[in-house]
Amino acid sequence: MLIVDAHEDIAYNVIVHGRDYTLSAQETRAREAGDARTLAETGTCMLGLPEWLAGRVGIIFGTLFTMPAHYKSSGEGAQEFTYTTPREAYAQAMQQFDLYARLADENPRFALVRTERELNAVLATWKDDAPDAERKRQIGLVMLMEGADPIVKPRDVERWYERGLRIVGPAWLAGTRYAGGNAAPGPLTDEGMRLLRAMLDFNLVLDVSHLSDQACLQALDRYDGPVIASHSNPRSLVPGPRQLSNDMLKALLAHDGIVGIVPMNSMLRSDWRRGGRKDAVGVDAVAAAIDFVCQMAGDARHVGLGTDMDGGFGAESTPAELDTVADLGKVADALKARGYARVDVEAILSDNWLRLLRRSLP
Ligand SMILES: [Zn+2]
């Protein structure tokens, strides 16, 4: 079985924290031992090429993630990697885009996935019947923009699309000039509505993760293209604006959307706080969040994984059974233990996201 992960901040971590994801997570951990800033900001590394390969994580939605300075200034961290103007956001997102392109250029293990043809080429490398199949496997990277301020004007969507951007989340926590975010409530702005119209011209996927409740419901009401929440859990399980309310989930499901569940303890258990015990949460909590969406949808076709691993948290903040991304198969075991049929487990771990890509890629 192949696994698709709908959210990993790969480029941001390479640029801001100097990570080299061609190394194993274990090697990165050894390099970062004693690096208090990195450990405080991103935690113990969970990602690396050997782990993606071992875990059969063949398709990843890799983010172009930029952080507004007004948010960052309230915490610790490197001010040079934040933006104050759309131009700066654009430059930072382009730097991340170039990084993915270079990774795919220089390392045959990585490939950009911009078209259905490129998707199929990567999937073909995971067929196990070839004699030297293991040496040929590739990680396919689908470009996802998290926070749309780097799109300087809505009409620039066309140029981003030509570069290969396929998924856009209009806002991050702090909100953008397009929409309110989880930590900055507000509507979809006029500019945001123009952004959605421009996205629809190219059948881009709308990612509602991090949109404020109001902006999320407005966007789902207006957008006729494919929709997802790349990394969001149900609010019924853990209260708080970062999670999806039942109304937001229902609106997403009504649009045949897909939710990526995040295996982060504080988004799985309301009483878990950063610094809490890793083993206080088990991988069954991930299955429970998946099951919640399945029960609401009435099927197993609208949920998957969007792990966000290394996205501001590390191995100490994920369920006991998950040490690195190579352990994601244990989510499949937890679903089977709950009685999920093999076909449904495969839908959740890969096929639902693949169906979305086939529907949206040119
Ligand atoms: Zn995020």
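Everything below is about the structure shown above.
Being a predicted model, the structure only gives us computed values, none of them experimental.

1. A short note on the pattern of salt bridges
Side chains that differ in sign of charge can pair as their charged atoms come close. One pass over the structure, following the stated rule, counts 15 salt bridges. We note a salt bridge from Glu118 to Arg114, for which the minimum N-O separation is 2.6 Å. According to the relative accessible area criterion, Arg114 is partly exposed, its value standing at 29%. Residues participating in the shared-partner salt-bridge network are Arg19, Glu32 and Asp310.

2. Here we look at the pairing of strand β12 (residues 258-261)
Consecutive side chains of a regular strand alternate in pointing toward one face of the sheet and then the other. Neither face of β12 is exposed, since Ile258 and Gly260 on one face and Val259 and Ile261 on the opposite face are all buried. For strand β11 (residues 227-229) and β12, the ladder comprises 2 bridges, and the chain directions are parallel. In the sheet register, Ala229 faces β12, and the bridge partner there is Val259. Crossover connection from β11 via helix α12 (residues 246-254) to parallel β12: handedness right-handed. Both β12 and strand β13 (residues 303-305) contribute to a ladder of 3 bridges, which runs parallel. Paired with Gly260 across the strands is Gly304, a residue of β13.

3. Here's the deal with the environment of Leu23
Positionally, Leu23 belongs in the loop between α1 (10-17) and α2 (25-32). Once the C-alpha coordinates of Leu23 and Pro50 are considered, the two residues, 27 residues apart in sequence, prove to be 7.2 Å apart. Not counting chain neighbours up to four residues away, the residues in contact with Leu23 comprise Thr28, Arg31, Leu47, Gly48, Leu49 and Pro50.

4. Some remarks on the side chain of Asp207
Along the chain, the position of Asp207 falls in strand β10 (residues 205-207). No salt bridge is formed by the buried Asp207. Its closest oppositely charged neighbour is Arg242, at 8.0 Å. If we skip the residues at most four places from it in the chain, Asp207 touches Leu144, Ile167, Val168, Gly169, Pro170, Ile228, Ala229 and Ser230.

About the criteria used
Residues numbered from 1 in each chain as written. Predicted model: local features only at pLDDT ≥ 70, side-chain atom pairs only at ≥ 80, totals over all residues. Heavy atoms only, no water. Salt bridge = Lys/Arg side-chain N within 4 Å of Asp/Glu carboxyl O. Buried < 20%, exposed > 50% of the residue type's maximum accessible area, 1.4 Å probe, protein only. Helix = DSSP H or I, 4+ residues; strand = E, 2+ residues; numbered from the N terminus. Pairing = 2+ DSSP bridges. Right-handed = clockwise from strand over helix to strand, strands pointing away. Contact = heavy atoms within 4.5 Å. Lys, Arg positive; Asp, Glu negative; His and termini not counted.

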